[in-house]
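Spelled out, the chains give:
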Amino acid sequence: MNRDGDKGKMFMKRAAILAGVQFFLLLILVSRMYYLQVIQADKYIMMAESNRISMRILPPPRGIILDRFGEPLAVNNQNFRVQIISEQTSGSLVDALDSLGKIIPLSPSDYEYVQKEVKRKRAFVPVTVAENLTWEKMASIQLNAPELPGINIDEGLTRYYPYGYETAHVVGYVGPVNEKEITGDPLLELPGFRKGKTGIEAQYDLPLRGSGGFRKIEVNVLGREIRELEKNKGIPGAQIDLTLDIRLQKYALEQFKKNSGALILMDVDNGDILALVSAPSFDANIFNTGISNDEWQKLASDIRKPLVNKAISGEYSPGSTFKMIVALAALESGVISSSTEIYCGGHMELGSHRFHCWKPEGHGYLNLIEALAVSCDIYFYEVARKVGIDKIADMAKRFGLGVKQEIDIPGEKSGLVPTQEWKKRVFHEPWQQGETMLTGIGQSYITTTPLQMAMVIAKIANGGKNIKPHLIKKAYVDEPKNIKISKHFLNIVKQGMNDVMNDPQGTAFYSRIPNQLGGMSGKTGTTQVRRISMKERESRLLTQEELAWEERNHALFVGYAPINNPKYAIAVIVEHGGGGASVAAPIAKNVMEKALILYQEEVKNKQNKIKE
Amino acid sequence: MSVFSVTNPLRLRKSELSFKDRFKNISWLYIFIVTLIASIGIITLYSVANGSMDPWASKQLIRFAFGLALIVFIAMTDLRIWIRYSYIFYFFTLLLLIYVELFGHDAMGAQRWINLGFIQIQPSELMKIALVLALARFFHGTSLQENETFKTLLIPIILVALPVLLVLKQPDLGTAVMLTISASVVFFLVGVQIWKFGIVALLALISMPIAWNFFLHDYQKQRVLTFLDPQKDPLGAGYHIIQSHITLGSGSIFGKGFLQGTQSSLNFLPEKHTDFIFTVFAEEFGMIGGLLLLALYIALIIFGFYIALRCTSFFGKLLALGLTANLFFYVFINVAMVMGIVPVVGVPLPLISYGGTAMMTHMISFGLIQCVFVNKDIQIGRSGANPDN
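None of these values were measured; they are calculated from a predicted model. (Residues numbered from 1 in each chain as written. Chains lettered and ligands numbered in written order. Predicted model: local features only at pLDDT ≥ 70, side-chain atom pairs only at ≥ 80, totals over all residues. Heavy atoms only, no water.)

Quick look at the overall build of chain A
Secondary structure assignment for chain A yields 21 helices and 19 strands. The burial tally for chain A puts 52% of its 612 residues in the buried class. (Helix = DSSP H or I, 4+ residues; strand = E, 2+ residues; numbered from the N terminus. Buried < 20%, exposed > 50% of the residue type's maximum accessible area, 1.4 Å probe, protein only.)

Listed below in structure tokens is the structure:
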């Protein structure tokens, strides 16, 4: 039994050691438990929450855009999408697509896309098969729903421009968000979200976008929704009212027919823009529904540049439409008065260089008003030479040339007003007197945008009020400051512009507006885009028709109406259109006439309402 | 009064204890603690099924009820029957293991089951008891001096090696580890010198690279690698460990409340009704709940120690403490595993994890411990018979 006693003692000893080991191991467990459940608890609570909770962003409806009378220019249309949920299909995915293909056409690439997406996503996540279904297609899918398990219709909103072609350059368009545009707004990272790319859509993207709502949902490990925890609808995008009158906008664009050019029609008192046209245009809707490469290539390579908003970003020599500025500079500096007469013999010499009037046989003796009416070049060469470039530039800048007008759509260019200092800085060459003379007829370095020219005319018409152009309707506009300019001088220039249209000698006499509408004052311009050689002048000037399109002259016209109580200013350019009087003035006349008629109707309606 | 009337070769005398004595001798406190733990298990399985008795809690409840009867039944048997039949039980279980190896039912890529139609038997589970029984039987008859010689240890080493190798081949790393640990505990208790354990540990360490390259399955290697760095592949192999930590940690001190555990109800937690069930409980009842559950296990273990020390027969001592140590290491490895202290080896939590055979094994084990307690004063001769035989 002694041996057994040893065994028993050993057992006791070893059992004690075993108990010690177990106690030690237990201590490890408890301290680990303490570490995980107390020290690290906050971290794991957060991780459990982020496992459990998933945020789904709800895109708010984008704000709609209306014209000045409430006509919708950008709306959100119901977009019917066909989706396939792979876990709900009865047979194979291909079978499901085959039966869907009997209702809507599906291409092999659609099959490929869907199969790829289905593989990538979880079985309960819908995959979009086709978008922008017509109501009929949608209805027939709904009707066949029992035979199409796993296929359902989803309604979304898609941007639609009822006047997509007419307003493409003003309203602009929306498109998919690209990587660079991601700012941290989670909306921008939603698949299929659209952001304003150009025009009002881009400029006012933030207010139009609104702010996203969200759904806080509990999800299981597969990401399937278990229940909704919280919902916030977000704030819908703000409505934007434009100053545009879509009737005038549409009419104005139609006037250009196949021509390339731009037109601006604005209110001279408050800067409201009623029409802003850049021709040719394009349908803004194609950018939203997805533009094919061919369509894009066609638009991008068109020499008439439909994608460029020429009204604000086309920089052109103003030509004779610049003569009002030169006249004002001359009157103010005192080098001429309204009665100063200058002789035009069709050309003049400066050193060895000969300057030509547009009329080779010359105008004879004429004063400032007559010179404006017939647009005599010799008169303005002479006047410009006397005034000097810096005074002309100063006057141009006072009227807002050479700087951006701060219109409320992106892409505006500033044009160029040259000075002696400018030339030295840029070309390291002294200013030449010949260049001053050419500037006198709106050629050489000076460039302006159609918007700038419309602004110049509006400021002449309104008596020097320094208005700002805008496309957004404003309830209240600050009373603009006045440009420092003598009303008397303005009236002289205005008389000249009146005679352009209402004197039988005037260059735009044939585009005059009848008196019952109040008449129109204006100024034509024709600018060369090529240099006419001495040889050509000696033999015979080539007619415009003989030249290639891109070598033909630009036709310009600026004007305002009615004459005595100006309401609207207009600027028109027809690229390579030929003569300002023959091409640009009739367009301006038509649009202005329509604008005046509509305005009279509006006034009459208002009066009727007041009477009632 | 013995239920078994036994004849040769180890004749038992008529039991000295009456049926009534035996019934009275059972520690009902012990059985109450077992019931408490099993109740926690059933409640947790109810929660795991998102507040439903199906599919787990109801079955577990029936098994436990059956197991409870089994504890009482085994507790009231004569301990000498167990020493007599221990080798037979061992070899029978060994045969079942071999059978499983040849015709076993494939589950989760491992052959572990015998399908009897109405019940599935997992012989490797039974082996955990059979091995302790056989070793206790063997060392009951040896002296301390003999235990210190290598010659004596040869047979018990073979007794351990045969089932361990068979289980490893299934492959079931968890059970192999458990068998090795419980055998080591018995070897330790009978006085095998500590330096011998050191040599075995050293040999194991040396053979590790060999095992890694030739014996471990890819998924087993993956588990070890994942244990070492769960963040390496957070959505793949490390996912279990990370989610297990989140489940535990987010339970914090007081837990999220019954049925309020998000990790398990939303299925972020894998194997939530089996190996990882402790985290579900700790998520809903926090560290307080976890500690309480551990305390209940500790109570059983302390009881086991008491029984072993109190018991007269060496067989009874070895059996009680061997099985108790077995329980301890089950709990320790399972909890350590879900806490990321040891690799995920697939050891279920006793009485809590869903599983029929594991439940039965533990109930038999508790029954045997109680049997030792009931028969604590009975002396058993060296050959396994009555001392006066």
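Describing the interface of chain B and chain A
The interface of chain B with chain A comprises 61 residues on the first partner and 36 residues on the second. Taken together, the links from chain B to chain A amount to zero salt bridges. At the junction of chain B and chain A, the tally comes to eight residue pairs in polar contact (both at pLDDT 80 or more). Secondary structure elements with two or more residues in the side of chain B that touches chain A: helix 5 (123–140), helix 6 (144–147), helix 8 (173–189), helix 11 (239–251), helix 12 (262–265), helix 13 (277–310) and helix 14 (314–338) of chain B. Examining the composition of the side of chain B that touches chain A, we find that 12 residues originate from one element, helix 13 of chain B, more than from any other. (Contact = heavy atoms within 4.5 Å. Salt bridge = Lys/Arg side-chain N within 4 Å of Asp/Glu carboxyl O. Polar contact = N/O pair within 3.5 Å; in protein donor to acceptor, adjacent residues only side chain to side chain.)

What to know about the packing of helix 3 (residues 93–101) of chain A against helix 4 (residues 108–120) of chain A
Residue and element names in this part refer to chain A. At a minimum axis separation of 11 Å, helix 3 and helix 4 run at an interaxial angle of 140 degrees. With respect to helix 4, the element helix 3 is oriented oblique. Judged by the twist between their axes, the crossing of helix 3 over helix 4 is right-handed. Together, Leu-93, Val-94, Leu-97 and Asp-98 of helix 3 and Tyr-111, Val-114, Gln-115 and Val-118 of helix 4 make up the contact between the two elements. Considered class by class, the residues forming the contact of helix 3 with helix 4 number six nonpolar, one polar and one charged. (Axes fitted to C-alpha atoms, helices over the stretch in contact; angles between N-to-C directions. Parallel < 35°, antiparallel > 145°, perpendicular 65-115°, else oblique. Left-handed = near helix turned anticlockwise from the far one by under 90°. Nonpolar A, V, L, I, M, F, W, Y, C, P; charged D, E, K, R; others polar.)

Things to note about the layout of surface pockets
Residue and element names in this part refer to chain B. A volume near 2200 Å³ is recorded for the largest pocket. What lines the largest pocket is a set of 44 residues, among which Val-164, Thr-180, Val-200, Ala-204 and Ser-207 lie closest to the centre. Taken together, the elements giving at least two residues each to the lining of the largest pocket come down to helix 7 (150–169), helix 8, helix 9 (194–214) and helix 10 (218–228). Counting residues per element, the lining of the largest pocket draws most heavily on helix 9, at 14 residues. The class makeup of the residues in the lining of the largest pocket is 36 nonpolar, five polar and three charged. (1 Å grid on protein atoms, 1.4 Å probe; cavity = no way out; pocket = protein on both sides within 12 Å on 5 of 7 lines; lining within 4 Å. Points joined across faces, edges and corners; volume = space filled by probe spheres on them.)

As for the nonpolar core
Among the nonpolar cores identified, the biggest contains 132 residues, and Phe278(B) and Phe366(B) are the most heavily contacted of them. Ranked by residues supplied to this core, first place goes to helix 14 of chain B with 19 residues. If near-sequence neighbours (up to four positions away) are discounted, Phe366(B) is found in contact with Tyr30(B), Val34(B), Ile71(B), Leu300(B), Leu327(B) and Leu351(B). Core analysis: the next-biggest nonpolar cluster, separate from the first, contains 96 residues, Leu244(A), Ile286(A), Ile369(A) and Ile392(A) among them. (Core = buried A, V, L, I, M, F, W, Y, C linked by side-chain atoms within 4.5 Å.)

A few points about the packing of aromatic side chains
Residues and elements named next belong to chain B. Taken as a whole and assessed by the stated rule, the structure comprises 29 aromatic pairs over all chains. Ring geometry for Tyr-30 versus Phe-303: centroids 5.4 Å apart, planes at 80 degrees, classification edge-to-face. Of this pair, Tyr-30 sits in helix 2 (residues 28–48) while Phe-303 is found in helix 13, placing the two residues 273 residues apart along the sequence. Seen from their ring centres, Phe-328 and Phe-329 are 5.2 Å apart, and the 85 degrees between their planes marks the pair as edge-to-face. Phe-329 carries the same exposure label as Phe-328, and that label is buried. (Phe/Tyr/Trp six-rings, centres within 6.5 Å; stacked < 30°, edge-to-face > 60°.)

Notes on unusual backbone geometry
Residues and elements named next belong to chain A. Between Ala-279 and the following residue, Pro-280, the backbone shows a cis peptide bond with an omega angle of -10 degrees. Position of Pro-280 among the secondary structure elements: in the loop between strand 12 (273–279) and helix 9 (285–289). Following Ala-561, the chain continues to Pro-562 via a peptide bond in cis, the omega torsion being -15 degrees. Residue position: Pro-562 is located in the loop between strand 18 (554–561) and strand 19 (568–575). If you check the backbone angles, Ser-444 has positive phi at about 60 degrees while not being a glycine. Considering the arrangement of structural elements, one finds Ser-444 in the loop between helix 17 (433–440) and helix 18 (450–461).

A look at the confidence of the model for chain A
Regions with low pLDDT should not have their predicted coordinates read in detail. Per-residue confidence for chain A gives a mean pLDDT of 88; residues scoring 70 or more make up 98%. Here helix 20 (residues 534–539) of chain A stands out as the element of chain A with the lowest mean pLDDT, 71, in contrast to helix 18 of chain A, whose mean of 96 is the highest. (pLDDT = per-residue confidence, 0-100.)

Regarding the environment of Leu229(A)
All names here are of chain A. Tracing the backbone through its elements, the reader meets Leu-229 in strand 9 (residues 225–232). Sequence separation between Leu-229 and Glu-218 is 11 residues, and the spatial gap between their C-alpha atoms is 6.7 Å. Ignoring sequence-local partners within four residues, the contact set of Leu-229 consists of Arg-52, Ile-53, Lys-216, Ile-217 and Glu-218.

Structural notes on the sheet that holds strand 12 of chain A
Remark on secondary structure: sheet strands pair via backbone hydrogen bonds, oriented parallel or antiparallel. All names here are of chain A. One open sheet accounts for five strands, arranged 12-11-19-18-17; its pairing is antiparallel. Strands with a single pairing partner mark the edges of an open sheet, and in this sheet they are strand 12 and strand 17 (521–527). Geometrically, the sheet is characterised by an average inter-axis angle of 5 degrees between neighbouring strands, direction not taken into account. Helix-sheet contacts for helix 19 (residues 487–502) involve strand 17 and strand 18, and the interaxial angle to strand 17 is about 75 degrees. (Pairing = 2+ DSSP bridges.)

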